[in-house]
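Structure at a glance
These are the residues of each chain, in order.
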Amino acid sequence: QVQLVESGGGLVQAGASLRLSCTYYGRTFSRYSMGWFRQAPGKEREFVAAISDSGTVSPYADSVKGRFTISRDNAKGTFYLQMNSLKPEDTAVYYCAADRSCSADTCRYATYDYWGQGTQVTVSS
């Protein structure tokens, strides 16, 4: 059984930084591609970033390009989303997800096998 647990969300002012973590509980973390998604109130969930099992990073969502960085530490079974220069429009619940088969080119569109419970990020102006 696989479980994903996010942490690191919070309330910050515009321009601040946060680092989200997602810890994977289960076997074979290194074989999964991992993604970050977010959902703002009244909006559909959207892709943010993904990293393949081999460490290749997918193209970021345009809205976060240049500000967010995804990374993974297979030894710790954890992957991260470093968020800099946060904007009020980044306010959302952020979810991490794991997929066994997507590549860096396809992770943006994958359905993902496992999802975390979400962590709230609120950016005030």
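As a reminder, the structure under discussion sits directly above these lines.
What counts, and at which threshold
- Residues numbered from 1 in each chain as written.
- Predicted model: local features only at pLDDT ≥ 70, side-chain atom pairs only at ≥ 80, totals over all residues.
- Heavy atoms only, no water.
- Pairing = 2+ DSSP bridges.
- Helix = DSSP H or I, 4+ residues; strand = E, 2+ residues; numbered from the N terminus.
- Axes fitted to C-alpha atoms, helices over the stretch in contact; angles between N-to-C directions.
- Disulfide = S-S within 2.5 Å.
- Buried < 20%, exposed > 50% of the residue type's maximum accessible area, 1.4 Å probe, protein only.
- Core = buried A, V, L, I, M, F, W, Y, C linked by side-chain atoms within 4.5 Å.

What follows concerns the sheet that holds strand β6 (residues 68-73). Ordered by their spatial adjacency, four strands build an open sheet running β1-β3-β7-β6, and the pairing between neighbours is antiparallel. Strands with a single pairing partner mark the edges of an open sheet, and in this sheet they are β1 (3-7) and β6. Averaged over all adjacent pairs, the angle separating strand axes in this sheet is 15°, with direction ignored. Taken together, the five bridges between β1 and strand β3 (residues 18-25) define a ladder with antiparallel strand orientation.

This next bit is on the state of the cysteines. One pass over the structure, following the stated rule, counts two disulfides. Between the sulfur of Cys22 and that of Cys96 lies a disulfide, 2.0 Å long from S to S. Every disulfide takes its handedness from the sign of the S-S torsion; for Cys22 and Cys96 that torsion is 55°, giving right-handed. A residue pair is termed long-range when its members are at least 10 positions apart, and Cys22 in strand β3 and Cys96 in strand β8 (residues 92-99) qualify at 74 residues. This pair shows no difference in class: Cys22 is buried, exactly as Cys96 is.

Let us look at the nonpolar core. Trp36, Phe79, Leu81, Met83 and Tyr94 are the most contacted members of the largest nonpolar core, which totals 30 residues. Among the elements of the structure, β3, β4 (33-39), β5 (46-51), β6, β7 (78-83), β8 and β10 (119-124) are those that each provide at least two residues to this core. Counting seven residues, the second-largest nonpolar core is a separate cluster that includes Ala97, Cys102, Cys107 and Tyr112.

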